[in-house]
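# Per-entry structural report
The residues making up each chain are set out below.
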Amino acid sequence: MMSDLFVVSMVFGTRPEAIKMAPLAAKLRENSNIKLHICSTGQHREMLTQVLDAFDLQADEDLDVMTSGQTLNGLSQLLLTRLDRSFEQTKPDIVLVHGDTTTSFMAAFAAFNRRIPVAHVEAGLRTGNIHSPWPEEANRALTAVLANLHFAPTERDRNNLLEEGVDPSQIEVTGNTVIDALLLMRDKLTRSGWTPDVASPLGPLNNDRRVVLITGHRRESFGDGFHRICTAIADLADRNPDVMFVYPVHLNPVVQEAVYGVLDDKPNVLLVPPQGYLEFVWLMNRASIILTDSGGVQEEAPALGRPVLVLRDVTERPSGADSASMMVGTDHAKIVSAVQKLLDDPDYYREKSQTRSPFGDGHASERIEKRLNAWLARDRRSVA
Ligand code: UD1
Ligand code: UDP
């Protein structure tokens, strides 16, 4: 009976949120107690559609908030107004938000103002530095203050929440859903045998040259930090003409300008548009080394056994000293020497390419769905 169903509103708006919520959406759709309403804020446009396509997932609603080069406050006020209207119409029993974007925090805030409970997926990640990542560290800490249920990927994330005074009974350690998504896509790749067409932007990779894959978009590195990253890649490309450096460039105009300005004319640097998730997982598999400032890629690379150099000074995703993941910041010399060592020293490379998955086992969505279901049946009434 319709009246017995719990309405769950899942809100996301950016590429990583969609990738990490997609496996959970599939699980919730199988639950006959739940009516799932997927609200895309449209904080990203092209980059969001691309990844939703990979999961055959469609949003029920699109708030269409993206404008080119949006300011954080302009974006926030649009999100708050349109999410408020969405919640008024949908009347959810709970709102599910993910991670640390402006969409996540504004959705939690809009729900709180309407006295709607909030569940936070990928809760508890912290660097302890409010300025790095910016504005994400603030977004996730503020979301935690408002949330009624916290799905923490790891024990470390759970401990961060406990230190902030979150009630332990509200926290569930689940693993990160990104590993669920990655394994789904890897299976899809294996089943389909997909490889890039010669005419596609990834066509030049249909050979046996080694590949270094790069992604970068973080706001705290804009300006000098980003310039140093790009000139380090340019130097590496000059020194290693037999290696292909592949960079799917984020659509943020600040990133586009910085990357194309320095790297456009290099014969062994391939600048391509952001890739769909299937294509990007293929690329991570194809790469020997990954350089990134992305949170999601930091979590995925070790699960694929790929060494990952993290273009940041701090991380909320430490994976252990013996892991495939190494912090190089935005320091030109550090980036060049770390990549060169991996390219030149096969024993060191082997040591850094052990497959490990410290962030999840591929079953996070199941755990979240189970706890959410129990919460709706048992605890929902005591909160409202
Ligand atoms: C956002 C999130 C960041 C997340 C990242 C993932 C905030 C403040 N930032 O950063 O936490 O790690 O997404 O990628 O929430 N654009 C397009 N098409 C797209 C997407 C973006 O043209 O599909 C351009 C637009 O000009 C847009 C700009 O990129 O104004 C910036 O987008 P925005 O969502 O504000 O920030 P990101 O840097 O993408
Ligand atoms: N990704 C993708 N296409 C690309 C680059 C990245 O599908 O061209 C995926 C990647 O595998 C990861 C996620 O997007 O799951 C990371 O997104 P992003 O770097 O934008 O955000 P962050 O992880 O830093 O929040």
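Since the model is a prediction, treat every value here as computed from it, not as a measurement.

Moving on: the site of ligand 1. Lining the immediate environment of ligand 1, one finds 24 residues, of which His44, Glu46, Gly69, Glu136 and Arg219 sit closest. For ligand 1, an oxygen atom lies 2.8 Å from a polar atom in the side chain of Gln43. Bound to the protein, ligand 1 loses 96% of the 740 Å² it would expose on its own. Looking at the shell around ligand 1 residue by residue, the classes come out as 7 nonpolar, 12 polar and 5 charged.

Core analysis: the biggest nonpolar cluster contains 58 residues, and Leu96 and Tyr277 have the highest contact counts within it. Beyond its immediate stretch of four places on either side in the chain, Tyr277 contacts Ile19, Gln50, Val51, Ala54, Phe55, Val178, Ala181, Leu182, Met185 and Glu300. Formed by 32 residues, the second largest nonpolar core is a distinct cluster that contains Ala232, Leu236, Leu271 and Leu342.

As summarised here, the arrangement of the 6 strands in space is β10-β9-β8-β11-β12-β13, forming an open sheet in which the pairing is parallel. On the outer flanks of this sheet lie β10 (269-272) and β13 (325-327), each paired with one strand and no other. The sheet shows a mean angle of 20° between the axes of neighbouring strands, direction not considered. The strands touched by helix α11 (residues 295-303) within the sheet are β8 (211-215), β11 (289-292) and β12 (308-310), with β11 carrying the most contacts at an inclination of about 165°.

Moving on to the site of ligand 2. By nearness alone, 17 residues border ligand 2, and Arg15, His217, Gln275, Gly296 and Glu300 come closest of all. Here Gly295 contributes a backbone N or O atom positioned 3.0 Å from an oxygen atom of ligand 2. Taken by itself ligand 2 offers 540 Å² of open surface, and the protein chains cover 95% of this. Those elements giving two or more residues to the shell around ligand 2 turn out to be α1 (15-29), α10 (277-286) and α11. By residue number, the principal contributor to the shell around ligand 2 is α11, which donates 4 residues. Residue classes in the shell around ligand 2 are distributed as 9 nonpolar, 5 polar and 3 charged.

This part takes up the packing of aromatic side chains. Inspection of every chain in the model, using the stated rule, returns 4 aromatic pairs. Residues Trp194 and Trp282 carry aromatic rings whose centres are separated by 5.8 Å and whose planes lie at 80° to one another, so their mutual orientation is edge-to-face. Of this pair, Trp194 sits in the loop between α7 (177-192) and β8 while Trp282 sits in helix α10, placing them 88 residues apart in sequence. Since its relative accessible area comes to 11%, Trp282 is described here as buried. Aromatic pair Phe222 and Phe226: ring centres 5.9 Å apart, planes at 65°, arrangement edge-to-face. The positively charged end of Lys341 is found above the aromatic ring belonging to Tyr348, 4.2 Å away from the centroid.

With that settled, the discussion passes to helix α4 (residues 102-113). Helix length check: α4, at 12 residues, gives a terminal C-alpha distance of 16 Å against a target of 16 Å (1.5 Å per residue), a fit within 8%. Burial within α4 is extensive, with 9 of its 12 residues counted as buried. Taken together, the buried positions of α4 are occupied by Thr102, Thr103, Ser104, Phe105, Met106, Ala107, Ala108, Ala110 and Ala111. Residues of α4 that are buried in the fold lie against β1 (6-12), α1, α3 (72-90), β4 (94-98), β5 (118-121) and α5 (136-146). N-cap assignment for α4: the residue whose side-chain oxygen lies 3.3 Å from the backbone N of Thr103 is Thr101. Positive phi shows up at Arg115, right after α4, with a value of about 60°.

Another aspect to go through is the side chain of His150. Position of His150 relative to the elements: it lies in strand β6 (residues 149-152). The buried category is assigned to His150, whose relative accessible area is 1%.

All chains considered together, the criterion is met by 24 salt bridges. Glu155 serves as the salt-bridge partner of Arg158, at 4.0 Å between the closest nitrogen and oxygen. Linking Arg158 with Glu155, this pair stays in helix α6 (residues 155-163), spanning 3 residues, or about one helical turn. Bridged by salt links that share partners, the residues Lys20, Asp100, Glu122, Glu137, Arg140, Glu299, Arg312, Glu316 and Arg317 form one connected network.

This brings us to the packing of helix α8 (residues 224-239) against helix α9 (residues 253-263). Contact geometry of α8 with α9 gives a least axis separation of 9 Å together with a crossing angle of 30°. The angle between α8 and α9 places the two elements in the roughly parallel class. The two elements α8 and α9 meet at a crossing, and its hand is right-handed. Residues Phe226, His227, Cys230, Thr231, Ile233 and Ala234 of α8 form the contact with α9, whose own contacting residues are Val255, Ala258, Val259, Val262 and Leu263. Counted by class, the contact of α8 with α9 contains 9 nonpolar, 2 polar and no charged residues.

Residue placement: Asn268 occurs in the loop between α9 and β10. In terms of polar contacts, Asn268 uses its side chain to reach the backbone carbonyl oxygen of Ala237, at 3.0 Å. Excluding its chain neighbours within four sequence positions, the residues that come into contact with Asn268 are Arg209, Ala237, Asn240, Pro241, Val243, Met244 and Phe245.

Take α8 next. Its 16 residues give α8 an end-to-end C-alpha distance of 23 Å, which sits within 8% of 22 Å, the value for a rise of 1.5 Å per residue. If you check which residues of α8 are buried, you get Gly225, Phe226, Ile229, Cys230, Ala232, Ile233, Ala234, Leu236 and Ala237. Where α8 is buried, its residues contact β8, β9 (244-248), α9, β10, β11 and α12 (332-344).

Conventions adopted
- Residues numbered from 1 in each chain as written.
- Chains lettered and ligands numbered in written order.
- Predicted model: local features only at pLDDT ≥ 70, side-chain atom pairs only at ≥ 80, totals over all residues.
- Heavy atoms only, no water.
- Near = heavy atom within 4 Å.
- Polar contact = N/O pair within 3.5 Å; in protein donor to acceptor, adjacent residues only side chain to side chain.
- Areas by Shrake-Rupley, 256 points an atom, 1.4 Å probe, with all protein chains shown as cover.
- Nonpolar A, V, L, I, M, F, W, Y, C, P; charged D, E, K, R; others polar.
- Core = buried A, V, L, I, M, F, W, Y, C linked by side-chain atoms within 4.5 Å.
- Buried < 20%, exposed > 50% of the residue type's maximum accessible area, 1.4 Å probe, protein only.
- Contact = heavy atoms within 4.5 Å.
- Pairing = 2+ DSSP bridges.
- Helix = DSSP H or I, 4+ residues; strand = E, 2+ residues; numbered from the N terminus.
- Axes fitted to C-alpha atoms, helices over the stretch in contact; angles between N-to-C directions.
- Phe/Tyr/Trp six-rings, centres within 6.5 Å; stacked < 30°, edge-to-face > 60°.
- Lys NZ or Arg CZ within 6 Å of the ring centre and 35° of its normal.
- Expected span 1.5 Å × (residues − 1).
- Salt bridge = Lys/Arg side-chain N within 4 Å of Asp/Glu carboxyl O.
- Parallel < 35°, antiparallel > 145°, perpendicular 65-115°, else oblique.
- Left-handed = near helix turned anticlockwise from the far one by under 90°.

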